Amino acid sequence: MLTIIIPCYNEEEAIPLFFEAVEAQKSEMDTSFEYIFVNDGSKDQTLKEIRRLVAQFDYVHFIDFSRNFGKEAAMYAGLQNASGEFVTIMDVDLQDPPELLPQMLKMLEANSELDCVGTRRVTRDGESATRSFLARTFYKLMDKISDAQLVDGARDFRMMRRQMVDAILSLTEYNRFSKGLFTWVGFKTEYLTYRNRERIAGQTSWSLKQLFNYSVQGITDFSDLPLSIATYMGMVSCIVAILSIIVIVLRTLIFGDPTDGWPSLASIILLLGGIQLLCIGIIGKYVGKIYLETKNRPIYIIKDTDIK
Ligand code: UDP
Ligand code: MG
């Protein structure tokens with residue numbers, strides 16, 4: 001069986017279109033299906049649209065969150081409730097092409113060595129230039145500093161074998177950064193590429209600020225390099241300080257001591273103060289994460305579901 005997990009947030013228009021597009025691919029796939037729509041606290045008629053499908057088809061299920069918990073939480077809830085041997089996660093806005101599903105399934109069935117077929121966008125058509133540039137920079141940076149190697153343009157849209165799903169479920173952290181988790185668990189993954197598509201209806205719920213926060217989350221979840229920045233900067237300022245002490249002592253011995261130079265002193269104090277605050281801020285980010293993790297709160301809360 002193939003389980004399709006669909007996180008939905010304010011997607012009333014897209015749901016029927018999505019369902020139709022995926023159903024159209026079924027004839028090419030030799031497997032039974034299960035849909036799990038996760039309503040992530042939508043404020044529109046999303047739940048009603050989902051319930052309509054649930055009432056009509058017995059292989060369509062839903063999970064309704066008590067509020068908006070974010071796509072990461074929705075994906076986790078879907079994975080926890082998926083019963084298929086193969087599991088795939090799809091956006092409901094048809095930016096993840098359903099035409100790829102038959103090919104993904106074929107690849108997994110043909111090659112038992114392969115655990116996952118992922119997808120990546122090779123273009124970012126229709127996305128603003130700043131957004132693309134920032135995204136690219138983020139991937140390059142992550143590649144350098146973290147222990148989870150991200151793939152540029154890789155989507156959450158992927159088909160996984162049960163074993164890999166169980167591995168992801170075993171990572172129960174509260175701060176979830178799936179792009180990193182998917183690669184962190186390992187397993188053999190091949191990527192299909194496709195050209196970017198515009199969403200079919202509605203609009204993206206990601207602002208530039210949210211994307212920025214998301215990338216900071218990715219970095220702090222998978223790298224402790226920022227924590228070392230304090231050490232590096234401390235070392236550099238020590239070296240600079242020792243050099244200047246030597247220069248100043250020699251200068252005073254040779255040329256005497258005309259007491260000026262408080263502007264340079266003030267700049268040095270300001271610079272060091274700034275560096276210290278920056279480092280405290282970085283440490284604070286990590287402490288905040290530890291704080292949230294130790295509270296051990298559930299990743300999501302279900303208000304209603306038809307899955308037993
Ligand atoms: N989504 C969600 N919860 C959120 C935000 C988004 O479940 O808080 C879902 C959304 O309904 C969609 C998918 O995540 O199915 C991707 O969202 P979106 O299309 O807004 O992101 P983008 O494609 O622009 O990265
Ligand atoms: Mg989208």
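Explanation requested: the overall build of the chain in the structure shown.
Helix and strand counts for the chain stand at 10 helices and eight strands. Taken over the C-alpha trace, the chain has a radius of gyration of 25 Å; the compact-globule value for 308 residues is 19 Å, which it surpasses by more than 25%. Viewed in the frame of its principal axes, the chain has a C-alpha envelope of about 90 × 40 × 35 Å. A buried classification covers 42% of the 308 residues belonging to the chain. Excluding contacts between residues fewer than 6 apart, the proportion of contacts in the chain whose partners are at least 24 apart in sequence is 82%.

What exactly am I supposed to notice about helix H5 (residues 129-145) here?
Since the α-helix turns once every 3.6 residues, residues separated by three or four places project in the same direction. When the terminal C-alpha atoms of H5 are compared, their 24 Å separation across 17 residues agrees well with the 24 Å that a helix rising 1.5 Å per residue should span. Every buried residue of H5 is listed here: Ser 132, Ala 135, Phe 138, Tyr 139, Met 142 and Ile 145.

Got a minute to help me understand the coordination of the magnesium ion (ligand 2) in this structure?
Looking at the magnesium ion (ligand 2), the protein donor atoms are Asp 93 (OD) and Gln 95 (OE1), and they sit 1.9 Å from it. There is no split in this pair, since Asp 93 and Gln 95 are both buried.

Sorry if this is basic, but what is going on with the site of ligand 1 here?
Taken together, 16 residues lie around ligand 1, and Glu 11, Asp 40, Asp 93, Gln 95 and Arg 199 are the ones closest in. For ligand 1, an oxygen atom lies 2.8 Å from a polar atom in the backbone of Pro 7. For ligand 1, whose free accessible area comes to 530 Å², the fraction covered by protein is 87%.

Would you mind going over the packing of aromatic side chains with me for this structure?
Summed over the entire model, instances satisfying the criterion amount to 13 aromatic pairs. Between Phe 19 and Phe 57, the ring centres sit 5.0 Å apart and the planes meet at 45°, which makes this aromatic pair tilted. Residue Phe 19 is located in helix H1 (residues 14-23), and its partner Phe 57 is located in the loop between helix H2 (46-56) and strand S3 (60-65); the two are separated by 38 residues in the primary sequence. Owing to a relative accessible area of 6%, Phe 19 belongs among the buried residues under this scheme.

I keep staring at the sheet that holds strand S4 (residues 86-89) and nothing clicks. Help me out?
Adjacent strands of a sheet pair through backbone hydrogen bonds, lying either parallel or antiparallel. Pairing in this open sheet of eight strands is mixed, and the strands run S7-S5-S6-S4-S1-S2-S3-S8 from one edge to the other. Each edge of the open sheet carries a strand with a single partner, namely strand S7 (189-194) and strand S8 (302-305). Averaged over neighbouring strand pairs, the angle between their axes works out to 20° when direction is ignored. Where strand S1 (residues 2-8) meets strand S2 (residues 33-39), seven bridges bridge the pair, whose relative direction is parallel. Residue pairing across strands places Thr 3 opposite Glu 34, the latter belonging to S2. Sitting on the sheet, helix H4 (residues 100-110) touches S1, S4, strand S5 (116-121), strand S6 (154-161) and S7, and the angle it makes with S6 is about 45°.

Would you mind showing me how to read the pairing of S3 here?
Every regular strand shows the same layout, with side chains that alternate between the two sheet faces. Of all six residues in S3, six are buried; the element is thus mostly enclosed. Every second residue of S3 is oriented toward a common face, with Val 60, Phe 62 and Asp 64 on one face and His 61, Ile 63 and Phe 65 on the other, all of them buried. Here S2 runs beside S3; their pairing, made up of five bridges, is parallel. By the bridge assignment for S3, Asn 39 is matched with Asp 64. Read as a crossover between parallel neighbours, the route from S2 over H2 to S3 is right-handed. Across three bridges, the pairing between S3 and S8 is antiparallel. Residue pairing across strands places Ile 63 opposite Thr 305, the latter belonging to S8.

Could you clarify how one ought to interpret the environment of Asp 91 in this entry?
Within the secondary structure, Asp 91 is located in the loop between S4 and H4. Separated by 77 residues in the primary sequence, Asp 91 and Ala 14 have C-alpha atoms spaced 9.8 Å apart. Aside from chain neighbours lying at most four places away, what touches Asp 91 is Ile 6, Phe 18, Lys 71, Asp 96 and Arg 155. Within the structure, the side chain of Asp 91 is placed 2.9 Å from the side chain of Lys 71, a separation counted as a polar contact.

Each value, and the rule that gives it
Residues numbered from 1 in each chain as written. Chains lettered and ligands numbered in written order. Predicted model: local features only at pLDDT ≥ 70, side-chain atom pairs only at ≥ 80, totals over all residues. Heavy atoms only, no water. Helix = DSSP H or I, 4+ residues; strand = E, 2+ residues; numbered from the N terminus. Rg over C-alpha atoms; globule rule 2.2 N^0.38 Å. Buried < 20%, exposed > 50% of the residue type's maximum accessible area, 1.4 Å probe, protein only. Contact = heavy atoms within 4.5 Å. Expected span 1.5 Å × (residues − 1). Donors = N, O, S within 2.8 Å, 3.2 Å for Na, K, Ca; no water. Near = heavy atom within 4 Å. Polar contact = N/O pair within 3.5 Å; in protein donor to acceptor, adjacent residues only side chain to side chain. Areas by Shrake-Rupley, 256 points an atom, 1.4 Å probe, with all protein chains shown as cover. Phe/Tyr/Trp six-rings, centres within 6.5 Å; stacked < 30°, edge-to-face > 60°. Pairing = 2+ DSSP bridges. Axes fitted to C-alpha atoms, helices over the stretch in contact; angles between N-to-C directions. Right-handed = clockwise from strand over helix to strand, strands pointing away.

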